[in-house]
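Okay, here's what each chain looks like letter by letter:
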Amino acid sequence: MKKVLTYLKSNQTRFVGELAEYLKFPSVSAQPKHSKDVKSCANWLANHCRVIGLKTKVVSTAGHPIVVATTFVKRNSKLPHFLVYGHYDVQPPEPLDLWKTPPFQPRIVDGQIYARGASDNKGQHFAHLKAVESYLKTGTPLPCEITFVIEGEEEVGSEQLEPFLERNSSALACDAVVISDTGMPGKGRPALTYALRGIAALELLVHGPAKDLHSGIYGGSVENPAMALCVLLAKLRDARGRILVPGFYDRVVLLSRLERRQFSRLPFDAASFQKLLGSPKLFGESGFTSNEQRSARPTIEINGLTSGYQGEGSKTIVPAWARAKLTCRLVPDQRPAEIAKLLKQFLRKICPPTVRLVVSQGHGAEPYLVSPESRAARAALHALKSAFGSEPYLIREGGSIPIVNQFKRVLGVESLLLGLALPDDNLHSPNEKFDLDCFFGGMRMGAHLWPELAEAVRPSVNGR
Ligand code: BES
Ligand code: ZN
């Protein structure tokens, strides 16, 4: 282990340079204009994995390719096998004018590397790659086999990954999945995430008149679809932050007293939280703390709202249509298809006859909840502690990683969520960054993880 850690330390500068190279690819999965960049990014990553010494292939799919890189030449079935999952695709960088420097020209300021994808997720899985490189390049035997599965569609719903898992379920059969694609409560405060929210996406299109109309000549005699849409949206939630869709909460599992007590022990300061978000005042479902609201309670969010004239100056029209993109974040035991259905039914019921509403259903993912007390989870906690030097927190997170449920269903294994992002890393926002100390800590965690995990899944003599 000493050799491994020394290697990590003495190569830090090179690793940062390599990460910067990786961050230059605008691998924006949502935007067709970037599909070539997504591909080049996959190829760069695959090549990098080969240089590290991993047997690597780029698997093409109906969407963006998946990079698969493994330590084994031929599977040695005596050793445990772990998957490391990550994604090389990134969120769209817009709005560009809010970036202090361009999103795909990485820069380092005060020990932070700024670029779209720095923490979500390139920097995080790159730390794992570097940890494995360190074993391979120092000739330190790994106590397990490791396969990296780095996909290019996480930010758009991971549609191609599930069929890929199904097609390759025997090669990917493993003891656990390791994922660093979540956060930690603060610098030097590592955490194991034991729950993620699920998601259900919907798009509402409200049609009014057949074309944009002069709002002076016709306005007042015809429904304005933007207004109608706003009225519909306003009926989804009350002033106390409670969702008004009938049946929405039916399957929600309440937090236990113990969990609420754990939540209350997390480092949290309302004033600095509010400052971080830059919002005039915090808001959320009443009766719950901010940390509970954003990770253990379900929500409906408007992600996008469009209608009428958006250009400079004014244009006096009654628009022909209005559109809203919505997502619900879900908690155990809510089901995405069911929630989407409830929402559709409710919207149809309350939609006035003066407009025509079309609801289309988007991607969905189940919420995830796993025991933080399994042997593997305890091993991961040890690795976190060794790497960061302090006792790890157990946390729930509000974001979603759709594929964790498929790992469970198809491969029958749980995921260990060992996030490295800080609350101020600006995931999905302008000026995304990754703290280099988290990067280095993540590498050390990766190094400590494999012996711990291999030991944890080894069947013990008395068969327990
Ligand atoms: N890395 C995030 C998920 C995340 C971030 C979980 C922070 C917990 C804490 C991931 O890349 C992501 O953004 N997922 C999407 C999934 C969606 C597109 C289906 C999300 O949560 O919006
Ligand atoms: Zn993301």
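Now for a look at the structure at hand. (Residues numbered from 1 in each chain as written. Chains lettered and ligands numbered in written order. Predicted model: local features only at pLDDT ≥ 70, side-chain atom pairs only at ≥ 80, totals over all residues. Heavy atoms only, no water.)

1. Quick notes on the pairing of strand β2 (residues 66-70)
Among the five residues that make up β2, five are buried, leaving the element largely enclosed by the rest of the structure. Two strands pair when backbone bridges link them, and strand β1 (residues 55-59) and β2 are joined in this way by five bridges, in the antiparallel orientation. Counted as the bridge partner of K55 is T70 from β2. The hairpin formed by β1 and β2 contains six residues between the paired strands. Relative to strand β6 (residues 145-151), β2 is paired through four bridges, and the arrangement is antiparallel. (Buried < 20%, exposed > 50% of the residue type's maximum accessible area, 1.4 Å probe, protein only. Helix = DSSP H or I, 4+ residues; strand = E, 2+ residues; numbered from the N terminus. Pairing = 2+ DSSP bridges.)

2. A short note on the coordination of the zinc ion (ligand 2)
Only D120 (OD), E155 (OE), E155 (OE) and H428 (NE2) from the protein reach the zinc ion (ligand 2) as donors, at distances of 2.0 to 2.6 Å. Bound by six donor atoms, the zinc ion (ligand 2) shows angles of 55 to 157° at the metal and therefore irregular coordination geometry. For the zinc ion (ligand 2), all donor residues lie on one chain, and their spacing in sequence is D-x34-E-x272-H. Taken together, the residues E155 in the loop between β6 and α5 (161-167) and H428 in the loop between β17 (415-417) and β18 (433-435) connect sequence positions 273 residues apart. (Donors = N, O, S within 2.8 Å, 3.2 Å for Na, K, Ca; no water. Tetrahedral: all angles 85-135°; square planar, octahedral: opposite > 155°, others 65-115°.)

3. Points about the sheet that holds strand β13 (residues 321-330)
Read from one edge to the other, the open sheet built from four strands follows the order β11-β13-β9-β14, with strand pairing classed as antiparallel. Lying at the two open borders of the sheet, with one neighbouring strand each, are β11 (299-307) and β14 (356-365). Here the average twist between neighbouring strands, direction ignored, is 15°. Bridge count between strand β9 (residues 198-207) and β13: 10 bridges; the pairing is antiparallel. Bridged to L205 within β13 is R323. Those strands touched by helix α6 (residues 225-234) are β9, β11, β13 and β14, and its axis lies near 20° from that of β13. Contacts from helix α10 (residues 336-350) reach β9, β11, β13 and β14, with the element oriented near 165° to β14. (Axes fitted to C-alpha atoms, helices over the stretch in contact; angles between N-to-C directions. Contact = heavy atoms within 4.5 Å.)

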